[in-house]
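As a plain string of letters, each chain reads:
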2 protein chains.
Amino acid sequence: MGTSVKSARRYSSLSREARKPGIINLNPIQRGGILPDVARKALDEFGDGYSLCDFCTKGRIDKIRKPPVEDFLSDLASFLGMDVVRLTNRSREAMFVILMALKRSRGGSAIVVDSNAHYSTYLAAEAAGLSVFEVPNSGYPEYKVDLGAYGRVADEVEEETGEPPVAIILTHADSHYGNLNDPRPVAALCRKLGVPFLLNAAYTAGVMPINGGKLGADALISSGHKSWASSGPIGIMALSSELAEEVLVPSSRFPNKELFLLGCPVLGAPLATLMASFAYVVERVERWPDEVRKARWLVAELERIEGVRQLGVRPKEHHLICLETPSFHEVARRHKKRGFFLYHELKARGIVGIEPGLTRRIKLSTYGLSEDELVKVAEAFQDIARSYNLSVS
Amino acid sequence: MGTSVKSARRYSSLSREARKPGIINLNPIQRGGILPDVARKALDEFGDGYSLCDFCTKGRIDKIRKPPVEDFLSDLASFLGMDVVRLTNRSREAMFVILMALKRSRGGSAIVVDSNAHYSTYLAAEAAGLSVFEVPNSGYPEYKVDLGAYGRVADEVEEETGEPPVAIILTHADSHYGNLNDPRPVAALCRKLGVPFLLNAAYTAGVMPINGGKLGADALISSGHKSWASSGPIGIMALSSELAEEVLVPSSRFPNKELFLLGCPVLGAPLATLMASFAYVVERVERWPDEVRKARWLVAELERIEGVRQLGVRPKEHHLICLETPSFHEVARRHKKRGFFLYHELKARGIVGIEPGLTRRIKLSTYGLSEDELVKVAEAFQDIARSYNLSVS
């Protein structure tokens, strides 16, 4: 076969910098996915493949009663203010499943999306055979989505394609700038047009309080490994009853299986950790005001550094922070490690999670950091700045 | 929100029967997914969400070099005798991705599938907008797929739809009877017809030696949590270079992202455990003849029980065993626990993994059981039989 046991052993004992004791990880895609101790126990207990299927008697993971998956999904739906929850393997699959189902049931050839949407939203649309009409944002430096333009863009879809949009999507908080949007005006428009409103809450549900029903969402999509302290991969697809009927259609040959989900998602450890972390999540979302305060504090501290400026809406309303750092970029140009200097300087100070190589713009998150950790992060950046002769006010 | 922290705590500390020391688990979907110790270490190290993305610099998980994901995928492709490997969240997603891509590139409206295919193959086809033409099997008691009929069924597709099949699929070993099929005659037909040959190796690759290239497969699909000792969910999509070009098309807007994969599959712990278990898997597939011998031995022991008969091709060539057990079903009819009596009797003897409630037909697997465990299983079934006055020869 050309592969020896000996050569395969190089993959047998990999370790991870970010797991070393005392290391602070600032990666925005990771801060909401760090497991609490109860979830680490669940990870061990349910770590083997298909571990949740021991007592499956109906051929449906969402109907398993031992452990209480069925009850959990019902509680999760209620926590999100929605009617029905199904799990998928990623939040982008939830988006794709909904778009495939709506295209099949309604026809149509386009969707409306905010211009800060995640790349996977564009891929889900393209794979489902739908074109994307974008709602503009204000551009540099705030990149604020123009929520008032949704109506105009929906009209453009109708004019250009002859049909209303198949769906209208808003990214609740985006992955580029961490701008938080108010879904309600978009929801009102969707209700008026009779078009399903899909709220991408991958960066909000699980870290902040959110009631999809009250916000007017027909579907709320989230990510267990991003924002629910689940090992993942696991996506959360929360639906209104009406949309559920349209999306969760049965297979023609296996009516017990949901067609566009391709039957059961196989969720052992990802679901076990999502369940184990649920109480922790229910508790932590109530501390959201404190999380916003921490993000604002760090922004103020980092903006004391020459040339550093927060991008996106000010003041921060979300834990994901995007900074332009032209002064660090200038250092990188002269540094023998080039853009990687910042990564290495931070690592030497016990901090990881800034994308290696980037210095023009950086992204980080303060979610769940302690006050001590926050101070350590601020001091590390300021110390690095001073060591390269950048001024700190 | 209607969900209190207190009520959510009921999901915080779930435990699992099958993980108790000394318990023997016979579940055919689980035996190949039990983690070796090295994988349990990886599970702990990489248990947090997005744990493999620490050093992502190209926005592609398949190109990550630290840990060596890129090298691993290349070694995995070589181990399987294929050119390119991509990971998906389940093997059914790999099937769906290939079918979507082929339908888009080739047109066509139908595929040819063996009649023992997994339900998810039918769902993947239906979701991709393809109808299914079935290659028959011999029916009770062997259910042997008539490999010689593939040509005739492919002709029927051409006659009825006016186009050749989009793909031809063979389930290498099926999930119902554990019948192992020789892919070579089907591969030869596909080459002649110019139709891609997809081999579903969810129950074979990772537990037995398999070289997809030598078998003539254009795509080989497998399941990490089913047969590669990975925590999962994780699917393996191994392709020939030619098919890879057709399947791994870029997104029009994000050319760095593969369209039908919806970009990166999010594979922290599932991939970390797949990598950690690789040497263990490379080693264990060489013991396949011994695994087949164990399956045959247990069949012989269980067939000593009145009314018990192995279904599927005889003698066994695979670890998944299907038995008809009308005598146990007769007991269940009179038992106050009905069909669940067998589950409880086995559990009392330290054995789990037979689907709770079933007694007419049962499925089990001997994969990776020690000789002592095999004997314990045989004796448990025989003991239960005797205790209900069934004869044991």
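Since we're looking at a predicted model, the values are computed, not measured.

Section: helix 3 (residues 69–79) of chain A
Residue and element names in this part refer to chain A. By the burial criterion, the buried members of helix 3 are V69, F72, L73, L76, A77 and F79. End-on view of helix 3: buried residues confined to an arc of 160 degrees, all on one side of the axis. Looking at the buried residues of helix 3, the elements they touch are strand 2 (84–88), strand 8 (235–239), helix 11 (269–276) and helix 12 (278–284). Once helix 3 finishes, G81 follows within two positions and takes phi at roughly 70 degrees, a positive value.

A short note on the sheet that holds strand 9 (residues 309–311) of chain B
Residues and elements named next belong to chain B. Spatially, three strands are ordered 9-10-12 in an open sheet, and the strand pairing comes out antiparallel. Two strands in the sheet have a free side with no partner beyond their single neighbour: strand 9 and strand 12 (361–365). Here the average twist between neighbouring strands, direction ignored, is 40 degrees.

Section: the relation of the copies chain B and chain A
Least-squares fitting of chain B to chain A yields an RMSD of 0.0 Å, with the superposition described by an axial translation of 0.0 Å and a rotation of 180 degrees. The transformation just described matches what one would write down for a two-fold rotation axis. It is N89 of chain B whose C-alpha, among those of chain B, lies nearest the rotation axis, at 3.1 Å. A share of 100% of the interface residues of chain B reappears at the interface of chain A, consistent with the copies meeting face to face through the same patch.

Brief notes about the environment of E283 of chain A
Checked against the element boundaries, E283 of chain A lands in helix 12. Taking the C-alpha atoms as reference, E283 of chain A lies 27 Å from A187 of chain A; in sequence the two are 96 residues apart. Contacts of E283 of chain A, omitting those with residues within four sequence positions, involve V5 and R9 of chain B.

What to know about the domain arrangement of chain A
Residue and element names in this part refer to chain A. Looking at chain A, the domain boundaries give domain 1 (5–31 + 287–387) and domain 2 (38–276). Here domain 1 and domain 2 have C-alpha centroids that lie 29 Å from each other. With 19 residues of domain 1 in contact, the opposing surface of domain 2 contributes 22 residues. Carbon and sulfur atoms supply 51% of the area that domain 1 and domain 2 bury against each other, a total of about 1700 Å² over both sides. Counting every contact that joins domain 1 to domain 2 gives zero salt bridges. In this assembly, domain 1 and domain 2 are joined by eleven residue pairs in polar contact (both at pLDDT 80 or more). Mapped by element, the contributors of at least two residues to the side of domain 1 that touches domain 2 are strand 9 (309–311), strand 10 (320–324) and strand 12 (361–365). For the side of domain 1 that touches domain 2, the element with the highest residue contribution is strand 10, accounting for three residues. Residues that form the side of domain 1 that touches domain 2 fall into these classes: eight nonpolar, three polar and eight charged.

Topic: the sheet that holds strand 9 of chain A
Two pairing modes exist for strands in a sheet, parallel and antiparallel, and in both the strands are linked by backbone hydrogen bonds. Residue and element names in this part refer to chain A. A sheet is described by the order of its strands in space; here three strands give the open sequence 9-10-12, paired in antiparallel fashion. Single-partner strands in this sheet number two, and they are strand 9 and strand 12. Taken over all neighbouring pairs, the strand axes of this sheet differ in orientation by 40 degrees on average, direction set aside. Relative to strand 10, helix 13 (residues 288–302) is tilted by about 15 degrees, and along the sheet it contacts strand 9, strand 10 and strand 12.

Considering the nonpolar core
Formed by 200 residues in total, the largest nonpolar core has its most connected members in L80, L99 and L271 of chain A together with L80, L99 and L271 of chain B. Setting aside chain neighbours within four positions, we find L99 of chain A in contact with I111, A124, A125, A128, L130, A167, I169 and L198 of chain A.

So, the pattern of salt bridges
Two side chains carrying opposite charge are able to pair once their charged atoms lie near each other. Scanning the entire structure with this criterion turns up 52 salt bridges over all chains. With its nearest N and O atoms 2.9 Å apart, the salt bridge here joins D62 of chain A to R60 of chain A. The structure contains a network of salt bridges with shared partners spanning R19 and R40 of chain A together with D44 and D48 of chain B.

What about the packing of helix 15 (residues 340–348) of chain A against helix 16 (residues 371–387) of chain A?
Two quantities define a packed helix pair, namely the angle between the axes and the distance from one axis to the other. Residue and element names in this part refer to chain A. Packing of helix 15 against helix 16 brings their axes to within 10 Å, and their N-to-C directions diverge by 125 degrees. The pairing of helix 15 with helix 16 is recorded here as oblique in orientation. Crossing hand, helix 15 versus helix 16: right-handed. Where helix 15 approaches helix 16, its residues F341, L342, E345 and L346 are matched on the opposing element by A380, F381 and I384.

Side note on the interface of chain B and chain A
Opposite the 98 residues of chain B that make contact, chain A presents 98 residues. Carbon and sulfur atoms supply 57% of the area buried between chain B and chain A, which totals about 8600 Å² over both sides. Across the contact surface, chain B and chain A share twelve salt bridges. The closest approach of N and O atoms between R10 of chain A and D71 of chain B, which form a salt bridge, is 3.1 Å.

Quick word on the packing of helix 13 of chain A against helix 16 of chain A
Residues and elements named next belong to chain A. Packing of helix 13 against helix 16 brings their axes to within 9 Å, and their N-to-C directions diverge by 20 degrees. Looking at the two axes, helix 13 sits roughly parallel to helix 16. For the pair helix 13 and helix 16, the crossing hand works out as right-handed. For the pair helix 13 and helix 16, the contacting residues are R293, K294, W297, L298, E301 and L302 in the first and E371, L374, V375, V377, A378, F381 and Q382 in the second. The residue inventory of the contact of helix 13 with helix 16, partitioned by class, reads eight nonpolar, one polar and four charged.

Things to note about a negative patch on the surface
Residues and elements named next belong to chain B. The grouping of D155, E158, E159, E160 and E163 at the surface amounts to a negative patch. Relative to the elements of secondary structure, E160 occurs in helix 6 (residues 150–161). On the accessibility criterion, E160 (59% relative accessible area) is exposed.

Some words on the environment of P255 of chain B
All names here are of chain B. With respect to the element layout, P255 can be found in the loop between helix 10 (241–247) and helix 11 (269–276). Given the relative accessible area of 59%, P255 is considered exposed. A C-alpha to C-alpha distance of 20 Å links P255 and A94, two positions 161 residues apart in sequence.

A few points about unusual backbone geometry
Residue P141 of chain A is reached from Y140 of chain A by a cis peptide bond, and omega for that bond is 0 degrees. Here P141 of chain A lies in the loop between strand 4 (131–135) and helix 6 (150–161). Note that the residue after G232 of chain B, namely P233 of chain B, is joined by a cis bond; omega there is 0 degrees. Mapped onto the elements of the fold, P233 of chain B is located in the loop between helix 9 (224–227) and strand 8 (235–239). Even without being glycine, A229 of chain B reaches a positive phi, approximately 55 degrees.

Quick look at helix 13 (residues 288–302) of chain B
Look at helix 13 of chain B: 21 Å from first C-alpha to last across 15 residues, which is about the 21 Å you get at 1.5 Å a residue. For helix 13 of chain B, the complete set of buried residues consists of W288, E291, V292, K294, A295, L298, V299, E301 and L302 of chain B.

A word on the side chain of R86 of chain A
Residues and elements named next belong to chain A. Tracing the sequence through the fold places R86 in strand 2. Here the side chain of R86 touches E258 through a polar contact of 2.8 Å, side chain to side chain. In this structure R86 touches R60, D62, G235, I236, M237, L248, E258 and L261, once residues within four positions along its chain are discounted.

Notes on the side chain of Q382 of chain B
With respect to the helices and strands, the residue Q382 of chain B is situated in helix 16 (residues 371–387). For Q382 of chain B, the residues in contact, after removing those within four places along its chain, are E301, R304, I305 and V392 of chain B.

Some points on the pairing of strand 8 of chain B
Residue and element names in this part refer to chain B. Counting buried residues along strand 8, five of its five residues qualify, which places the element largely inside the surrounding structure. Bridge analysis of strand 7 (residues 219–223) against strand 8 gives five bridges, and the strand direction is antiparallel. Of the residues in strand 8, the one forming a bridge with S222 is I236.

Overview of the packing of aromatic side chains
The tally for this structure, following the rule as stated, stands at 28 aromatic pairs over all chains. Taken together, a centroid distance of 5.5 Å and an interplanar angle of 90 degrees make the contact between F79 of chain A and F278 of chain A edge-to-face. Of this pair, F79 of chain A sits in helix 3 while F278 of chain A sits in helix 12, and the two are 199 residues apart along the sequence. Take F79 of chain A and F278 of chain A: they sit in the same class, and that class is buried. Aromatic pair F79 of chain B and W228 of chain B: ring centres 5.9 Å apart, planes at 75 degrees, arrangement edge-to-face.

Thresholds applied
Residues numbered from 1 in each chain as written. Chains lettered and ligands numbered in written order. Predicted model: local features only at pLDDT ≥ 70, side-chain atom pairs only at ≥ 80, totals over all residues. Heavy atoms only, no water. Buried < 20%, exposed > 50% of the residue type's maximum accessible area, 1.4 Å probe, protein only. Helix = DSSP H or I, 4+ residues; strand = E, 2+ residues; numbered from the N terminus. Arc of directions from axis to C-beta. Contact = heavy atoms within 4.5 Å. Pairing = 2+ DSSP bridges. Axes fitted to C-alpha atoms, helices over the stretch in contact; angles between N-to-C directions. Least-squares fit on C-alpha atoms with pLDDT ≥ 70 in both. Domains from an automatic or database assignment. Buried area = accessible area lost by both parts, 1.4 Å probe. Salt bridge = Lys/Arg side-chain N within 4 Å of Asp/Glu carboxyl O. Polar contact = N/O pair within 3.5 Å; in protein donor to acceptor, adjacent residues only side chain to side chain. Nonpolar A, V, L, I, M, F, W, Y, C, P; charged D, E, K, R; others polar. Core = buried A, V, L, I, M, F, W, Y, C linked by side-chain atoms within 4.5 Å. Parallel < 35°, antiparallel > 145°, perpendicular 65-115°, else oblique. Left-handed = near helix turned anticlockwise from the far one by under 90°. Patch = residues over 30% accessible without salt bridge, like charges linked within 9 Å, V, L, I, M, F, W, Y side chains within 5 Å. Areas by Shrake-Rupley, 256 points an atom, 1.4 Å probe, with all protein chains shown as cover. Lys, Arg positive; Asp, Glu negative; His and termini not counted. Charge placed at Lys NZ, Arg CZ, Asp CG, Glu CD. Expected span 1.5 Å × (residues − 1). Phe/Tyr/Trp six-rings, centres within 6.5 Å; stacked < 30°, edge-to-face > 60°.

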